[in-house]
Amino acid sequence: MSKDFIPAAKPLIGDAERDAVDGVLRSGMLAQGAEVTEFEQEFSRVLLDGRPTVAVNSGTAGLHLGLLAAGVGPGDEVIVPSFTFAATANAVALTGATPVFADIELTHYCLDPKHVAGLITERTKGIMPVHLYGHPANMPALQQLAEQHGLALYEDAAQAHGASLDGKPVGTFGTFAMFSLYPTKNMTSGEGGMVSTGDTEAEQALRLLRNQGMQRQYENELVGFNARMTNLHAAIGRVQLAKVGEWTKTRRANAQFLDRNLHGVGVPAVAEKAVHVYHQYTITVPEDRDGFAAALKEEYQVGSGVYYPVPNHRLPSFAREEDLPNTEQACNTVLSLPVHPSLDDEDRERIVTAVNTLAKAGA
Ligand SMILES: *Cc1c(COP(=O)(O)O)cnc(C)c1O
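Just so we're clear, the structure is a prediction, and the values are computed from it rather than from any experiment. (Residues numbered from 1 in each chain as written. Predicted model: local features only at pLDDT ≥ 70, side-chain atom pairs only at ≥ 80, totals over all residues. Heavy atoms only, no water.)

Chemist: Any chance you could break down the UniProt feature "active site" (unreviewed entry) in the protein for me, citing the residues and the numbers?
Modeler: As recorded in UniProt, the sites labelled "active site" (unreviewed entry) are Lys185. Mapped onto the elements, Lys185 comes out in the loop between strand S8 (176-180) and strand S9 (193-197). Those residues in contact with Lys185 that lie beyond four places of it in its chain are Ala158, Gln159, His161, Ser180, Arg251 and His279. (UniProt positions renumbered as here; feature names shortened; annotations may be inferred. Helix = DSSP H or I, 4+ residues; strand = E, 2+ residues; numbered from the N terminus. Contact = heavy atoms within 4.5 Å.)

Structure (structure tokens):
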């Protein structure tokens, strides 16, 4: 077979992004400035029903600064899923607080509120669900838990630009929420992150923390970082923001096609009233998932990805003894197929043929 390889993810960069960067280069105003302010305001308007946002130089920095702005620090515990990218728990640990790993439910791969409830102690400061793969976590149940115990909710919305629950966008539930703008996410600024918050004090703290604790130059009010986004990155992000709505429609149409046509593997479920934005389209392959992925690549030139093969609690950086059976099961069986907006009809057909043929052969 001599077909083109279909990658698992593909950032879409066009002439408009190149022109926007060139415009900033010609202006000479490269660091954080007017482009960043415009990007923040547009992001709020387009994705967050107007909730204010603060731009930073990565999603991880956004989580870290968001937690610091929310007052999380040494002695605190924050409950996070173990089935996520390491940045979620890293950000908690970097504040000096302790990430406490909870299990997920196997329908949407997000935090299991029942398991979370059993982990709450007098040290628990907050709960940080991840809207994994672009599917909203069970926010009503987590909100109820948080209210019952007087805890905060923080959202890792790195993968979920435009996702919503009952008409309410993700990123508007928590004290703060972080969206990543890494190249493989649903939209990109090159690298970058956006933090939304409805808390005016937290917003002010975020603006200080990203800029050495300064609002006015050389009048540093607190000890801060340089986590500023550049005008160059913001210019890319603004162009992408104008396109992400259409891309999401295409992702959702691709997912619907796969839902209808795949057989012999588990396809992703969507909760009632949830809008899933399919950062990943994740199937389950109960037997020999890794062999399945290798055959997809070698026999059909179809890329795929395993997010995530190792749970956070078993990474050498955390190395905790935990009993999280759903997390372990997900790590062994999930496989994400290409769902990105640049797939064409032939690509979609090839993915379906490949998966169905391999699933049948393995059955
Ligand atoms: C990508 C990602 C992050 C980190 O974002 P960066 O922009 O890469 O720093 C955090 N959490 C999750 C779930 C992610 O997918």
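More follows now that the structure is in view.
Chemist: Which residues make up the side chain of Ser82, and what are the values?
Modeler: Position of Ser82 among the secondary structure elements: in the loop between strand S2 (77-81) and helix H4 (87-94). Reaching out from Ser82, the side chain makes a polar contact with the side chain of His313 at a distance of 2.8 Å. (Polar contact = N/O pair within 3.5 Å; in protein donor to acceptor, adjacent residues only side chain to side chain.)

Chemist: I'd like to hear about H4, residue by residue, with values.
Modeler: Among the residues of H4, Ala87, Thr88, Ala89, Ala91 and Val92 are the ones counted as buried. Elements in contact with the buried residues of H4: helix H3 (59-69), S2, strand S3 (98-102) and strand S5 (152-156). Of the residues one or two after H4, Gly96 is the one with positive phi, at around 95 degrees. (Buried < 20%, exposed > 50% of the residue type's maximum accessible area, 1.4 Å probe, protein only.)

Chemist: Now, about empty space enclosed by the protein: what can you tell me, with residues and values included?
Modeler: A complete count under the given rule lists 2 cavities of 30 Å³ or more for this structure. Approximately 150 Å³ is the volume found for the largest cavity. Here the lining of the largest cavity gathers at least three residues from each of two domains, domain 1 (15-238) and domain 2 (244-361). Space inside the second largest cavity adds up to approximately 50 Å³. If you go around the second largest cavity, the residues you meet are Thr107, His108, Tyr109, Tyr133, His135, Pro268, Ala269, His276 and Thr282. Looking at the lining of the second largest cavity residue by residue, the classes come out as 4 nonpolar, 5 polar and no charged. (1 Å grid on protein atoms, 1.4 Å probe; cavity = no way out; pocket = protein on both sides within 12 Å on 5 of 7 lines; lining within 4 Å. Points joined across faces, edges and corners; volume = space filled by probe spheres on them. Domains from an automatic or database assignment. Nonpolar A, V, L, I, M, F, W, Y, C, P; charged D, E, K, R; others polar.)

Chemist: Could you give me a rundown of the domain arrangement of the protein, with the residues and numbers involved?
Modeler: Here the domain parsing of the protein yields domain 1 (15-238) and domain 2 (244-361). The gap between the C-alpha centroids of domain 1 and domain 2 is 25 Å. On the side of domain 2, 36 residues touch domain 1, which itself brings 37 residues to the contact. For the pairing of domain 1 and domain 2, the buried interface totals around 3,000 Å² over both sides, and the portion due to carbon and sulfur atoms is 59%. Of all residues in domain 1, the largest losses of buried area upon contact with domain 2 belong to Phe101, Tyr133 and Asn186, amounting jointly to 24% of the total for that side. Inspection of the domain 1/domain 2 interface yields 0 salt bridges. Between the two partners, domain 1 and domain 2, sit 19 residue pairs in polar contact (both at pLDDT 80 or more). (Buried area = accessible area lost by both parts, 1.4 Å probe. Salt bridge = Lys/Arg side-chain N within 4 Å of Asp/Glu carboxyl O.)

Chemist: An account of the site of the ligand is requested, with residue identities and associated values reported.
Modeler: With respect to spatial proximity, 17 residues lie near the ligand, and among them Thr60, Asp156, Gln159, Ser180 and Lys185 are the closest. Within the side chain of Gln159, a nitrogen or oxygen atom sits 2.8 Å from an oxygen atom of the ligand. Residue Ser180 places a side-chain N or O atom 2.7 Å away from an oxygen atom belonging to the ligand. Burial of the ligand by the protein amounts to 93% of the accessible area it has alone, namely 380 Å². (Near = heavy atom within 4 Å. Areas by Shrake-Rupley, 256 points an atom, 1.4 Å probe, with all protein chains shown as cover.)

Chemist: A description of the sheet that holds strand S7 (residues 168-169) should follow, citing residues and the corresponding values.
Modeler: Taken together, the 3 strands give an open sheet; going across it, the order is S7-S6-S10, and neighbouring strands pair in antiparallel fashion. Strands with a single pairing partner mark the edges of an open sheet, and in this sheet they are S7 and strand S10 (274-275). Sheet topology note: the strand S6 (residues 164-165)/S7 ladder contains 2 bridges and is antiparallel. Residue Ser164 lies in a different strand from S7, and its bridge partner there is Pro169. (Pairing = 2+ DSSP bridges.)

Chemist: Let's hear about the side chain of Thr95: which residues, and what values?
Modeler: Along the chain, Thr95 falls in the loop between H4 and S3. There is a polar contact of 3.1 Å between the side chain of Thr95 and the backbone nitrogen of Ala97. Residues within four places of Thr95 in sequence aside, it is in contact with His64, Leu67, Leu68, Val72, Gly73 and Pro74.

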